[in-house]
Amino acid sequence: MVVLSLQLPPLRHEPLAPFGFGAFIVTPRWRNEAAFASHAHGYGAGYEPRRMREDIRRLFTPDTTALIHTTAPAGLRQGRPQATRVTSSLLDFIPRSGLMRNIHVNIPHEQLVHAARIGGRELSGPNPSVIQRLVQLRIETQAAWIFWLLASCPPPVRRNLLASYLSWRALDQAASRQGII
């Protein structure tokens, strides 16, 4: 599974602004266990959006399931992820051929923040600036995956995968403190 959170490039009639994506890759290993990887890429204002498309496509294989997180409209407060209306600009960045399936969800900010806390992460307020959002895209993807895990998986799978994630997260934090990553 590849979980994506996108800060789309501005449309042609909009002022130039930075854009980017966060990706959280979950690769099944043994029964109810997984390996994890996290990526985030930002592109400066005026940068060619084609590069982002290419970078995202490299993360996908024909067997990839994609979970695409978009920010939920204000006031959405239901307990499950909501299917989102997918815009053509969003679809332009998601590889289509060979994918097992794409899951597009809007997750209300409060629930995304709660999922981030379960994973030991913090997200900024509901209306971050473009730069703040680019900085937190990596965390957004992990929180979106945790939310999906809690909402969609049976308890035994949920417990094992969450434990695997928390172990990975602890190792990732220790490595980054040591300057390994």
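Right above here is the structure, for reference.
Rules used throughout
- Each chain has its residues counted from 1, running along the sequence as written.
- Whole-chain, interface and lining totals are the exception, using all residues; otherwise, since this is a predicted model, local features are given only for residues with pLDDT of at least 70 and side-chain atom pairs are given and counted only at 80 or more.
- Excluded from the side-chain calculations are hydrogens and water; all other atoms, namely the structure's heavy atoms, are used.
- Here the axes come from fitting lines to C-alpha atoms, over the contacting stretch only for helices, and the angles between their N-to-C directions go from 0 to 180 degrees.
- In this text, helices come from DSSP runs of H or I with a minimum length of four residues, and strands from runs of E with a minimum of two, each type numbered from the N-terminal end.
- If an angle is under 35 degrees, it is roughly parallel; if it is over 145, roughly antiparallel; if it lies from 65 to 115, roughly perpendicular; otherwise it is oblique.
- Handedness of a crossing follows from how the near helix is turned relative to the far one, being left-handed for an anticlockwise turn of less than a right angle and right-handed for a clockwise one.
- Should any heavy atoms of two residues lie within 4.5 Å, those residues are counted as being in contact.
- Lys, Arg, Asp and Glu make up the charged group, whereas Ala, Val, Leu, Ile, Met, Phe, Trp, Tyr, Cys and Pro make up the nonpolar group; the residues left over, Gly among them, are polar.
- Side-chain atoms alone can form a polar contact between residues adjacent in sequence; in general such a contact is a pair of N or O atoms within 3.5 Å, and within protein one must be able to donate a hydrogen while the other accepts it.
- As used here, the term nonpolar core means buried Ala, Val, Leu, Ile, Met, Phe, Trp, Tyr and Cys residues forming a set that is joined through side-chain atoms within 4.5 Å.
- Relative accessible area decides the class of each residue, using a 1.4 Å probe on protein chains only: under 20% of the type maximum gives buried, over 50% gives exposed, and in between gives partly exposed.
- Ring geometry is summarised as follows: Phe, Tyr and Trp rings, the Trp one being its six-membered ring, pair when their centres sit within 6.5 Å, and such pairs are stacked at plane angles under 30 degrees, edge-to-face over 60 and tilted between the two.
- When a carboxyl oxygen of Asp or Glu lies within 4 Å of a side-chain nitrogen of Lys or Arg, that pair is called a salt bridge.

Draft legend 1. Highlighting the packing of helix α4 (residues 130-152) against helix α5 (residues 155-177). Between α4 and α5, whose axes approach to 10 Å, the crossing angle comes to 160°. As the angle between them shows, α4 and α5 are arranged roughly antiparallel. In the packing of α4 onto α5, the handedness of the crossing is left-handed. Note on element contacts: α5 touches α4 through Arg158, Leu161, Leu162, Tyr165, Trp168 and Arg169, opposite Gln142, Trp145, Ile146, Leu149 and Leu150. Its residues assigned to classes, the contact of α4 with α5 shows eight nonpolar, one polar and two charged.

Draft legend 2. Representation of the side chain of Thr64 in the model. Tracing the backbone through its elements, the reader meets Thr64 in the loop between α1 (49-57) and β4 (65-71). In this structure the side chain of Thr64 is engaged in a polar contact, spanning 2.8 Å, whose partner is the backbone nitrogen of Thr61.

Draft legend 3. Here's a closer look at the nonpolar core. Formed by 28 residues in total, the largest nonpolar core has its most connected members in Met1, Phe24, Phe36, Trp145, Trp148 and Tyr165. Counting only elements with at least two residues in this core, the list comes to β2 (19-28), β3 (34-43), β6 (101-107), α3 (109-118), α4 and α5. The leading source of residues in this core is α4, at eight residues. Each residue touching Trp148, except ones within four places of it in the same chain, is listed here: Met1, Leu67, Ile103 and Cys153. In this structure, Val2, Leu6, Ile25 and Leu59 belong to the second largest nonpolar core, which totals 16 residues.

Draft legend 4. Focus on the packing of aromatic side chains. Here the structure, examined in full by the defined rule, presents eleven aromatic pairs. Taking the centre distance of 5.4 Å and the plane angle of 65° together, the rings of Phe36 and Trp145 count as edge-to-face. Of this pair, Phe36 sits in strand β3 while Trp145 sits in helix α4, placing them 109 residues apart in sequence. The residues Phe36 and Trp145 share a single accessibility class, namely buried. The rings of Phe24, Phe36, Trp145, Tyr165 and Trp168 are connected pair by pair, giving a single aromatic cluster.

Draft legend 5. Region of the structure containing the side chain of Arg53. Locating Arg53 in the fold gives a position in helix α1. Look at Arg53 and you get buried, because its relative accessible area is 18%. Every residue in contact with Arg53, bar those within four places of it in the chain, is listed here: Asp92 and Phe93.

Draft legend 6. Geometry of the pattern of salt bridges. Scanning all chains against the criterion turns up five salt bridges. With a closest N to O distance of 2.5 Å, Asp55 and Arg58 form a salt bridge. According to the relative accessible area criterion, Asp55 is buried, its value standing at 10%. Measuring nitrogen to oxygen at the nearest pair gives 3.7 Å for the salt bridge that ties Glu122 to Arg117. Both residues of the pair, Glu122 and Arg117, belong to the exposed class.

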